[in-house]
Amino acid sequence: YSLFNFTTVMEGNSQEYGRPRRPNAETVSYLNGLPIDEKLASDQVQAYLDSFLNNNDADNTSSEAAEFPALVNATHAALSSVFNEIASLACEEIPAQQIETLVRIACRYSAAAKRVVLASLSGYWVFLSTHRFGSHVAQTVLRCAVAECEVNLDEFDDKQDECEGKMVIDDSYGTIFQENTSSVPELLMQAFEELKPFATDLTVHVCGTHVLRTALCILAGVEFVDAFAKPNGNKQDGTVSEWESGVLAATRRGKLKDKKKKKKKRKPGSDEGSSAENKATVMKKMNVIADCETTDFQSNADVMLKEMVQILSLSDNTNNLQPPGELQQRTCHPSGGPLLVQIVRLLSYRDGSKQEAKKQGKDVADRRLGILPNEPKYSSGSDAEAFVHKLLCWDANIPVEGDDAKQPHAGDIIYGLSGEPRGSILLEAIFRSCPDEFHDALCVVGGFYDEATLKEYIYHGVSNFVVQALLNSLRNRDQANKMVKCLCPIIEDGSLLQPKKHRAPDEQAVDENSDNKNIQRMGIIWRAVEMCSNSGSSQDQEQLIHALMRGFASISAGDDDNAAKKDSDGKKKRSKSKGLSAKGCIPLLLGLTASSDVDEEAYSSGERLTLNAAGARTLFHIFQFTERLRSDWVNGFLSLYGTNDLAKIANDGLGSRCIMDGLLDGPAKEVASKSLYSKLFNRLPFLAAERVGHHVVMKLFHALPYDDKAVMSAELSHSLNRLGSNAMGRSVMASCAVKEYLEGENAWREALAKQKVNEEWLKDILGEDGGSGDEAGGKSRKKRRKE
């Protein structure tokens, strides 16, 4: 199904949308001249609160009453004066930004102001949703109106007869509250009722779809946050308000940062991998005001959400199977497609499978390893399942038995969606959130268990990401076995491993529809190896590794043939059936050629290392295979790279997390730690003071036997000045008991014994198998309680 070219139906019915009149020029000038600043308002409120805290600690009789934050007072006064023109001002660029700032300040510190901003847009929601600037105001008002106040100054105890914050609210909005008595939940439902009749049109509107997404998140009580968000604590206690980071901060337009700090341009081929794969989101419960947590509002929201989904699914209110039509075309629409993806995820979250999703996997989201957070799974018979069936035209009355697929439309729809940029994202969401039995049925109907069809998916520039999502979300060993059987012949020919620079000139003219393509798909290799590591059997792991080795042998066969022609000794050519050795595959996998340590300067922190991200992650999972299969790869890596190369890898973010952690945290740490210790011994003081390298030093210390730990502590003790110069070095000194070593053997042994007790206590809490404490460590804790 190709991209559907929608025309905006709403343009012909614009008279029905209640367009507000143009704003008064004097009001625009007044609003543009307001010196409002959210950061300054936050500082004033914090100083106001701190003054009361200091007064409570000191003598209350001698302290003067603190002054109410001037900017908050001015914000309420400004909103009150332009209340009747907010909808008009939202349609102008500069006034719209000022309105958003006023809304954020008012709703952040006043619960009563939420009623005011919602009431100001009553009757204009549909028009503002379709407006370039008004849609931003509508989203900001909806999100800020339901968010918890950082501090509600309306009810703040300021030790006076009447709360000063309440007095400011009464002075500013007293007249407005007399005319508008509706509560926040009532005003929200009124806004959603305005949007509901036009939901189908807003779905494909470039601005309206964003307002619909915000409305659906509020109705579901769920918000989407960055799965790989970095900690951003900026207060003294390390905490940070939701209004300053996260979803609420994302509603702020404009730049609120120091202009002197310029973001460095990223070089192509950096170790971070593609930017798209680092933008995964995870769902979490939205923190809302108490009025939106009542039973009445939740029941009304459930009914409204169900009606909205019914409208957006273009359903005829019957359970009959509908043929492919406009709904399937909207899945590929640039505005409608992301909205439908969001609906699938929201319904899955609301199905009550959150606890089940947490039990299914022990992996935590990891940006370096590309580990995505577990997605909540919907159950059979739920609203989410019915919605997915409508999207795929899936007939639930037709069972899928074995490899027999008899769905009349679903196979073609899956095949078509996988090749569309938006439709493929929808398929990925379905694969991650569907129940186990439906996941297997999708693989059968979509042809993913067929080698020829799977090869076509992999060769396509878009649908190969669907295959990666499928491999990442496989549920059982039987599925993994089926996928390995299809993947091995595709990998063996080397077409997925050969980069463009290795193509022969005559191969570049091959027709795109032929089977002899040479398109590098290292993401498929990475996800396949990850699948075998998590769900596959030892036979699956062996088949995939041998296919990978034969694949690398096939792409290097051309080089071997040329070398054989020039070789006068007539050496035998490498056997393709056996494949390339593990030691020969590693440089091709990482894109890193081993360098000689002879006559080479010592590695410095200024040097950059470029690794193949998918290859490094592949190697990480190979290091987790059974000992019989991983031993050649571990020994090959340790014998291939010298001291300088290992120091570069240890001080690189991707290399440290994927390769070094794979060796030192995995089952091969006993063998790897000894070899790394001997090679990196002279570089330990340097790595111990580096931002990335110090992690490897600490993990290497804990993996070493007792005698080697003493030698390592002695070596680090010779560089106390370097280690004490920064936080990383001091952390290494504490972890490796460097100061205790200088105090004497007894103090050093006591420090290590204390560390061991802490590690055992942590394992008892988390469980030795990586599970939760209730599952793995519950028995031992019960015994201790009895004792």
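All values derive from a computational prediction rather than experimental measurement.

Cut-offs and rules
- Sequence order as written defines residue numbering, which begins from 1 separately in each chain.
- Selection of residues for local features in this predicted model requires a pLDDT of at least 70, selection of side-chain atom pairs for listing and counting requires 80 or more, and totals for whole chains, interfaces and linings are taken over all residues.
- The basis for every side-chain value is the complete set of non-hydrogen atoms in the structure, without hydrogens or water.
- Here a strand is any run of E in DSSP of at least two residues, a helix any run of H or I of at least four, and the numbering for each starts at the N terminus.
- Throughout this description, buried means an accessible area under 20% of the type-specific maximum (1.4 Å probe, protein chains only), exposed means over 50%, and partly exposed covers the range between.
- Working rule for contacts: check all heavy atoms of both residues, and any pair within 4.5 Å makes them a contact.
- Note on areas: Shrake-Rupley with a 1.4 Å probe; residue coverage comes only from the protein chains shown.
- Aromatic rings from Phe, Tyr and Trp, taking only the six-membered ring of Trp, are treated as a pair when their centres fall within 6.5 Å; an angle between ring planes under 30 degrees marks them as stacked, one over 60 as edge-to-face, and anything in between as tilted.
- Criterion for a charge above a ring: Lys NZ or Arg CZ within 6 Å of the ring centre, and within 35 degrees of the ring normal.
- Patch building starts from residues that exceed 30% relative accessible area and form no salt bridge, then joins like charges within 9 Å and nonpolar side chains (Val, Leu, Ile, Met, Phe, Trp, Tyr) within 5 Å.
- Whenever Lys or Arg places a side-chain nitrogen within 4 Å of a carboxyl oxygen from Asp or Glu, that contact is recorded as a salt bridge.
- For helices, the fitted axis covers only the stretch in contact; all axes are lines through C-alpha atoms, and the angles between them, taken along N-to-C directions, range from 0 to 180 degrees.
- When an angle is under 35 degrees it counts as roughly parallel; over 145 it counts as roughly antiparallel; between 65 and 115 it counts as roughly perpendicular; any other value is oblique.
- Throughout this entry, Asp, Glu, Lys and Arg are counted as charged residues, while Ala, Val, Leu, Ile, Met, Phe, Trp, Tyr, Cys and Pro are counted as nonpolar. The remaining residues, Gly among them, count as polar.
- Multiply 1.5 Å by the residue count of a helix minus one, and that product is the helix's expected span.
- Nitrogen and oxygen atoms within 3.5 Å of one another constitute a polar contact, given that in protein one can donate a hydrogen and the other can accept it, and given that sequence-neighbouring residues count only through two side-chain atoms.
- The predictor rates its confidence in each residue with pLDDT, a number between 0 and 100.

*Asks:* What am I meant to see in the overall build of the protein here?
*Replies:* A count of helical and extended segments in the protein gives 42 helices and two strands. Classification of the 787 residues of the protein by burial places 50% in the buried group. Put simply, of all contacts in the protein between residues at least 6 apart along the chain, 77% involve residues at least 24 apart. If you sum the accessible surface of the protein, you get close to 38,800 Å²; carbon and sulfur atoms cover 47% of it.

*Asks:* Please explain the environment of F637 as it appears in this structure.
*Replies:* By secondary structure assignment, the location of F637 is in helix 30 (residues 627–640). On the basis of relative accessibility, which here comes to 0%, the residue F637 falls in the buried class. Sequence-wise, F637 and A594 are 43 residues apart; in three dimensions their C-alpha atoms are separated by 9.9 Å. When residues no more than four places from it in sequence are discounted, the contact partners of F637 are I586, L590, L619, F623, L646, I649, I659 and L663.

*Asks:* What is the right way to look at the packing of aromatic side chains in this model?
*Replies:* Note on aromatic pairs: each is described by the distance of the centres and the angle between the planes. A full pass over the atoms with the stated rule returns 12 aromatic pairs. Ring geometry for F623 and F637: centres 6.2 Å apart, planes at 65°, overall edge-to-face. Residue F623 is found in the loop between helix 29 (613–622) and helix 30, and its partner F637 is found in helix 30; the two are separated by 14 residues along the sequence. Residue classification places F623 among the buried residues on the basis of a relative accessible area of 0%. Each residue in the set Y415, F431, F448 and Y457 is aromatic and connected to the rest through ring pairs, giving one cluster. In this structure, K709 packs its charged tip against the face of F701, placed 5.5 Å from the ring centre.

*Asks:* Explanation requested: a nonpolar patch on the surface in the structure shown.
*Replies:* The grouping of L720, Y741 and L742 at the surface amounts to a nonpolar patch, some 240 Å² of accessible area in total. Turning to its location among the elements, L742 is positioned in helix 39 (residues 738–743).

*Asks:* Help me understand the packing of helix 3 (residues 70–81) against helix 9 (residues 164–179) in this model?
*Replies:* For any two helices packed against each other, the geometry comes down to the angle between their axes and how far apart the axes lie. Running from amino to carboxyl end, helix 3 crosses helix 9 at an angle of 10°, the nearest separation of the two axes being 9 Å. Between helix 3 and helix 9, the angle falls in the class roughly parallel. In this structure, helix 3 contributes N73, T75, H76, A77, L79 and S80 to the contact, and helix 9 contributes V168, I169, S172, Y173 and I176. Its residues assigned to classes, the contact of helix 3 with helix 9 comprises six nonpolar, five polar and no charged.

*Asks:* So what exactly am I meant to see when it comes to the environment of P435 here?
*Replies:* Mapped onto the secondary structure, P435 falls in the loop between helix 20 (421–433) and helix 21 (436–446). Taking the C-alpha atoms as reference, P435 lies 9.1 Å from E385; in sequence the two are 50 residues apart. With residues up to four places along the chain from it excluded, the contact list for P435 reads Y378, S380 and R475.

*Asks:* For this particular structure, what's the right way to read helix 16 (residues 336–350)?
*Replies:* In an α-helix, one turn spans 3.6 residues, which is why side chains three or four residues apart end up on the same side. Its 15 residues place the ends of helix 16 21 Å apart at the C-alpha level, agreeing with the 21 Å of an ideal helix rising 1.5 Å per residue. Within helix 16, 13 of the 15 residues are buried, which leaves the element mostly enclosed by the surrounding structure.

*Asks:* Sorry if this is basic, but what is going on with the side chain of N726 here?
*Replies:* Looking at the element boundaries, N726 is found in the loop between helix 37 (720–723) and helix 38 (727–735). A distance of 2.7 Å separates a polar side-chain atom of N726 from the backbone nitrogen of G729.

*Asks:* Any chance you could explain the side chain of E385 here in plain terms?
*Replies:* Examined against the element boundaries, E385 turns out to sit in helix 18 (residues 383–392). With residues near it in sequence (within four places) discarded, E385 still touches Y378, S379 and S380.

*Asks:* What exactly am I supposed to notice about helix 28 (residues 582–590) here?
*Replies:* Among the residues of helix 28, those classed as buried are A582, C585, I586, P587, L589 and L590. Structurally, helix 28 contributes buried residues whose contacts are with helix 25 (522–534), helix 26 (538–555), helix 29, helix 30 and helix 32 (653–664). In the stretch just after helix 28, G591 is the one whose phi turns positive, near 70°.

*Asks:* Honestly, the pattern of salt bridges in this entry has me stumped. Any pointers?
*Replies:* Close approach of charged atoms allows side chains with opposite charge to pair. Tallied over the full model, the rule gives 24 salt bridges. For R108, the salt bridge identified is with E38, shortest N-O distance 3.2 Å. Here R108, found in helix 5 (residues 93–109), pairs with E38, found in helix 2 (residues 38–57); they are 70 residues apart in sequence, far enough to count as distant. In this pair, the class of R108 matches that of E38, namely buried. With a shortest N-O distance of 2.7 Å, R108 and E150 are connected by a salt bridge. Of this pair, R108 sits in helix 5 while E150 sits in the loop between helix 8 (134–146) and helix 9, placing them 42 residues apart in sequence. In this structure, a network of salt bridges that share partners links the residues D366, R657, D661, D665 and K699.

*Asks:* How should I be thinking about unusual backbone geometry in this particular structure?
*Replies:* Glycine aside, the phi torsion of most residues is negative, and most peptide linkages are trans. One non-glycine residue, L314, lies in positive phi territory at about 55°. Along the polypeptide, L314 turns up in the loop between helix 14 (295–312) and helix 15 (326–330). Even without being a glycine, A737 presents a positive backbone phi close to 55°. For A737, a relative accessible area of 0% gives the class buried.

*Asks:* Just to check I follow, could you spell out the environment of Y677 for this structure?
*Replies:* Turning to its location among the elements, Y677 is positioned in helix 33 (residues 669–680). With a relative accessible area of 10%, Y677 lands in the buried category. Non-local contacts of Y677, meaning those with residues more than four positions away in its chain, are made with L700, L704, D708, V711 and M712.

*Asks:* Can you walk me through the confidence of the model for the protein in this structure?
*Replies:* Low pLDDT means the predicted atomic positions in that stretch should not be read closely. Mean pLDDT over the protein: 82, with 78% of residues reaching 70 or higher. Low confidence marks residues 255–261, where pLDDT is under 50. Its contacts with residues over four positions away, or in another chain, come to two contacts. Considering only residues more than four positions removed or in separate chains, one finds that residues 562–575, a stretch of pLDDT under 50, has six contacts.

*Asks:* I'm lost on the packing of helix 28 against helix 30 in this one. Help?
*Replies:* One way to put it is that helix 28 packs onto helix 30 with a least axis distance of 8 Å and a crossing angle of 70°. By the criterion of interaxial angle, the relationship of helix 28 to helix 30 is roughly perpendicular. Counted together, A582, K583, C585, I586, P587, L589 and L590 of helix 28 and D632, W633, G636, F637, S639 and L640 of helix 30 form the full contact between these two elements. Each residue belonging to the contact of helix 28 with helix 30 can be placed in one class, and the counts come to nine nonpolar, two polar and two charged.

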